[in-house]
Amino acid sequence: MPLTCRGRVRGQEPSRGDVDDALGKFSLTLIDSLDTLVVLNKTKEFEDAVRKVLRDVNLDNDVVVSVFETNIRVLGGLLGGHSLAIMLKEKGEYMQWYNDELLQMAKQLGYKLLPAFNTTSGLPYPRINLKFGIRKPEARTGTETDTCTACAGTLILEFAALSRFTGATIFEEYARKALDFLWEKRQRSSNLVGVTINIHTGDWVRKDSGVGAGIDSYYEYLLKAYVLLGDDSFLERFNTHYDAIMRYISQPPLLLDVHIHKPMLNARTWMDALLAFFPGLQVLKGDIRPAIETHEMLYQVIKKHNFLPEAFTTDFRVHWAQHPLRPEFAESTYFLYKATGDPYYLEVGKTLIENLNKYARVPCGFAAMKDVRTGSHEDRMDSFFLAEMFKYLYLLFADKEDIIFDIEDYIFTTEAHLLPLWLSTTNQSISKKNTTSEYTELDDSNFDWTCPNTQILFPNDPLYAQSIREPLKNVVDKSCPRGIIRVEESFRSGAKPPLRARDFMATNPEHLEILKKMGVSLIHLKDGRVQLVQHAIQAASSIDAEDGLRFMQEMIELSSQQQKEQQLPPRAVQIVSHPFFGRVVLTAGPAQFGLDLSKHKETRGFVASSKPSNGCSELTNPEAVMGKIALIQRGQCMFAEKARNIQNAGAIGGIVIDDNEGSSSDTAPLFQMAGDGKDTDDIKIPMLFLFSKEGSIILDAIREYEEVEVLLSDKAKDRDPEMENEEQPSSENDSQNQSGEQISSSSQEVDLVDQESSEENSLNSHPESLSLADMDNAASISPSEQTSNPTENHETTNLNGECTDLDNQLQEQSETEEDSNPNVSWGKKVQPIDSILADWNEDIEAFEMMEKDEL
Ligand code: DMJ
């Protein structure tokens, strides 16, 4: 936890949900970073770290962990550490005392994970209790029915290495069985796999398919299993899937999810950051051109937002604004540099490092970005940052002689752990399943290209990579919102649904009856929200299914509008004084009253606690808060009242800190402070809200450094290394006069926030707001994924800047023209609604047939 400078111990911090399943009280970060130390030539530190692991780590904790994460980070970390420990020992200088202790731990962990495979399918349960396994009452797990494809298909490298290192064949056998099952279950006509699968029945639960979240490393491990184990069946499977990916998902430079049964239609209009690993895998496969294209597109998204947001739309706007310092893009950059030798990729790496140092580096490490638009931080530095990001960035710039062993003798696991290639000829006793007869219709060139050789791929053409990148140079800056609006317009012009979204009441039995007829079901979420899901196949007739689709469409628009009205984008509190120098940026909630920081320059000042601390009456210490930013505790009175009291005492701003101990923006949705129902125009100062955890970072800083200066803004101010030497202005006026450049850049930021404010809404939906998801069959038409991004409608109707004219023109043009204009619609054709509906019955029939086939 780089902001609070502590380790994150499971159970001692508020739960963050699934993301905590990686934590097993087993010193995750230490184990995950063992082999990085050797790569970085920190041999002595490696030796110390191994001793610490052997001395302190307990694998027998009563904790439920993710099988996938434990495998890739902990088992992989132990095996990577073992691989390099024996390499060092053989060299004769370091680790002379080492006697396979890490391997023994890895074996112990391997046996702990095996009960997860006790399913009829052989696919592992997603979670296991390290002490009690699965299903026992004490285990508190074992009732799950689904897992993700990557979760079940990303075991073979670690499990096979464990088998081959130890001679215990059971691990490799189990991992192979899970892979065999996934292969059997691939959708036979598209050769694609879905995102989640039922571990008991083998049915696809989520039938969308891409190369990012939920599937990514399944593909990676098929190709790498071939490299590590030399088993052709893995290569054949990989190539079959790769062929399908390039046919359906790859829409250069984009990679867009499709439906496994209807692979010609996109399943969503955004991409996730995890797919950034794919160009690196394409390099390993030897397919350099699309790797260069996708990588270039991703780099431009990064240049726009400093980091790759967790998800971004096909027109490159932020969809999910977090960035947990994921390494996938650095990984692909490294492999592209290895393949092309093009110094451009060193420049890319330099930008990545500069951005990390500039925006993510904090006194106790590197903090994840909570929001790439505001530059605010999350108190989180995941173990993959050291395991992967550091390793790939170091390797990108390292010369051969900088690394004390030959990196070419190893393969990288998905967590960048190093496994020696000599394992391919060790303990090969595990029987290979001969499934070769299943592979047909593949172009031979697919096989020739595996494992690239730059001399063969593009001899004598140093400008090869550049010539591919050049046409994509403006792909992000010049992109315009997609033409989805036309599909929506088709809805609007058509018939109205029997129940209008605005009239719908979840408590009205008649309404529920109509929904059922239209194939729409209602799910009450734990947090009080209501989710609507449409399965067209469950509608009473195809006419009802169409009505259902219209109803859902109306609901999306309504939800989008409501969320827009309810929320404002987050703000940032940046600590600028010594020793923070702007490095710590806290996510803050805005107020519906007072100075709007998105329209005005930031406010800078020293902080002072108000007395009384809740600010609910006239302050007794006006001299202390005069000209400063007052800290007030939440509770006892209205936010507006607090604001008036501190303003009367002469404060230039206020920060309300939550009185609910332990609350944090990591775990609670941000909200805006409402007024008091009266006219609040008299409140002129900016007011921000911090949850308790973020607030205590400021309070701790005051205790330690007394004078703490902060900047209240809508986006963190860039900080240069010089900022540390800069004389800190002491008043708001001083700071606001720093430079004209700064002022203009902050007004651009306002534009950006305005454009993107609605995207924020999907992150912070209020419990009372409606959320919509998964229209299942309807997912086979373009607008379906708007269910998870209710902002699309807003964005397509509120076009900005140069794009407006172009888009309006296009709306008037014929439908076919849109697809011929690459500026407007990257990817596949947006079908007119009539043709979709005409196709409807046929789809449903085909869908039913395929379901039967699968069963
Ligand atoms: C890593 O833990 C692994 O690379 C995994 O396969 C998916 N991505 C995370 C980091 O983003």
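Just so it is clear, the model here is predicted, and its values are computed rather than measured.

Novice: Which parts of the structure should I look at to understand the sheet that holds strand β24 (residues 629-633)?
Specialist: Hydrogen bonds along the backbone pair up the strands of a sheet, which may run parallel or antiparallel. Spatially, 7 strands are ordered β22-β21-β27-β23-β24-β25-β26 in an open sheet, and the strand pairing comes out mixed. Two strands in the sheet have a free side with no partner beyond their single neighbour: β22 (584-588) and β26 (687-690). On average, adjacent strands in this sheet sit at an angle of 35° to one another, irrespective of strand direction. Relative to β22, strand β21 (residues 571-575) runs antiparallel, the two being bridged by 5 bridges. By the bridge assignment, A572 is partnered in β22 with T587.

Novice: What is the right way to look at the packing of helix α7 (residues 156-166) against helix α8 (residues 170-185) in this model?
Specialist: Packed helices, taken two at a time, are described by the angle their axes make and the gap between the axes. It is the contact of α7 with α8, at a shortest axis distance of 7 Å, that shows an interaxial angle of 155°. One element, α7, and the other, α8, form an angle in the roughly antiparallel class. Crossing geometry of α7 relative to α8 is assigned as left-handed. Every residue of α8 that contacts α7 at I156, F159, A160, L162, S163 and R164 is listed here: I170, F171, E172, A175, R176 and L179. Across the contact of α7 with α8, the residue classes break down as 8 nonpolar, 1 polar and 3 charged.

Novice: Whenever I open this one, the UniProt feature "binding site: Ca(2+)" (unreviewed entry) in the chain confuses me. Can you help?
Specialist: Mapped onto this numbering, the UniProt entry annotates "binding site: Ca(2+)" (unreviewed entry) at T414. Here T414 is to be found in the loop between β17 (410-412) and β18 (418-420). With relative accessibility at 13%, the residue T414 sits in the buried group. The contacts of T414, once residues within four sequence positions are left out, are I72, T154, S217, E220, Y221 and E388. Of the polar contacts made by the side chain of T414, one reaches the side chain of E220; its length is 2.8 Å.

Novice: Help me understand α8, please; the structure alone is not making it clear to me.
Specialist: A turn of α-helix holds 3.6 residues, and therefore any two residues three or four places apart point the same way. Counted at 1.5 Å a residue, the expected span for α8 with its 16 residues is 22 Å, and the 23 Å between its end C-alpha atoms agrees. Of all the residues in α8, the buried ones are F171, E172, A175, R176, A178, L179, D180, F181, L182, W183 and K185.

Novice: What is the right way to look at the state of the cysteines in this model?
Specialist: In a disulfide, the sulfur atoms of two cysteines are held together by a covalent bond. Enumeration according to the criterion identifies 3 disulfides in this entry. Across the disulfide, C5 is cross-linked to C364 (sulfur-sulfur distance 2.0 Å). Taking the sign of the torsion about the S-S bond as the criterion, the disulfide between C5 and C364, at about 95°, is right-handed. With C5 in the segment before α1 (28-32) and C364 in the loop between β13 (361-362) and β14 (365-366), this pair connects stretches of sequence that are 359 residues apart. Assessed through its relative accessible area of 44%, C5 is described here as partly exposed. Owing to a relative accessible area of 38%, C364 belongs among the partly exposed residues under this scheme. There is a disulfide in this structure between C148 and C151, and the S-S distance comes to 2.0 Å. Here the disulfide of C148 and C151 is right-handed, its torsion about the S-S bond being about 85°. Pair check on accessibility: C148 and C151 agree, each one buried.

Novice: What is the right way to look at unusual backbone geometry in this model?
Specialist: Residues P252 and P253 are joined by a peptide bond in cis, for which omega reads 5°. Within the secondary structure layout, P253 lies in the loop between β7 (250-251) and β8 (254-255). Looking along the chain, the bond that leaves H578 and enters P579 is cis, with omega of 0°. Its location among the elements puts P579 in the loop between β21 and β22. With phi around 55°, K25 is a residue other than glycine that occupies positive phi space. The topology assignment puts K25 in the segment before α1. On the accessibility criterion, K25 (49% relative accessible area) is partly exposed. Despite not being glycine, S27 has its phi angle at roughly 55°, a positive value.

Novice: Please clarify how the site of the ligand should be interpreted in this entry.
Specialist: Around the ligand lies a shell formed by I72, L274, R326, P327, E328, F384, E388, T414 and E415. Residue E328 places a side-chain N or O atom 2.7 Å away from a nitrogen atom belonging to the ligand. In this structure, T414 approaches the ligand through a side-chain N or O atom, which is 2.7 Å from an oxygen atom. Bound to the protein, the ligand loses 93% of the 290 Å² it would expose on its own. A breakdown of the residues in the shell around the ligand according to their chemical character gives 4 nonpolar, 1 polar and 4 charged.

Analysis parameters
Residues numbered from 1 in each chain as written. Predicted model: local features only at pLDDT ≥ 70, side-chain atom pairs only at ≥ 80, totals over all residues. Heavy atoms only, no water. Pairing = 2+ DSSP bridges. Helix = DSSP H or I, 4+ residues; strand = E, 2+ residues; numbered from the N terminus. Axes fitted to C-alpha atoms, helices over the stretch in contact; angles between N-to-C directions. Parallel < 35°, antiparallel > 145°, perpendicular 65-115°, else oblique. Left-handed = near helix turned anticlockwise from the far one by under 90°. Contact = heavy atoms within 4.5 Å. Nonpolar A, V, L, I, M, F, W, Y, C, P; charged D, E, K, R; others polar. UniProt positions renumbered as here; feature names shortened; annotations may be inferred. Buried < 20%, exposed > 50% of the residue type's maximum accessible area, 1.4 Å probe, protein only. Polar contact = N/O pair within 3.5 Å; in protein donor to acceptor, adjacent residues only side chain to side chain. Expected span 1.5 Å × (residues − 1). Disulfide = S-S within 2.5 Å. Near = heavy atom within 4 Å. Areas by Shrake-Rupley, 256 points an atom, 1.4 Å probe, with all protein chains shown as cover.

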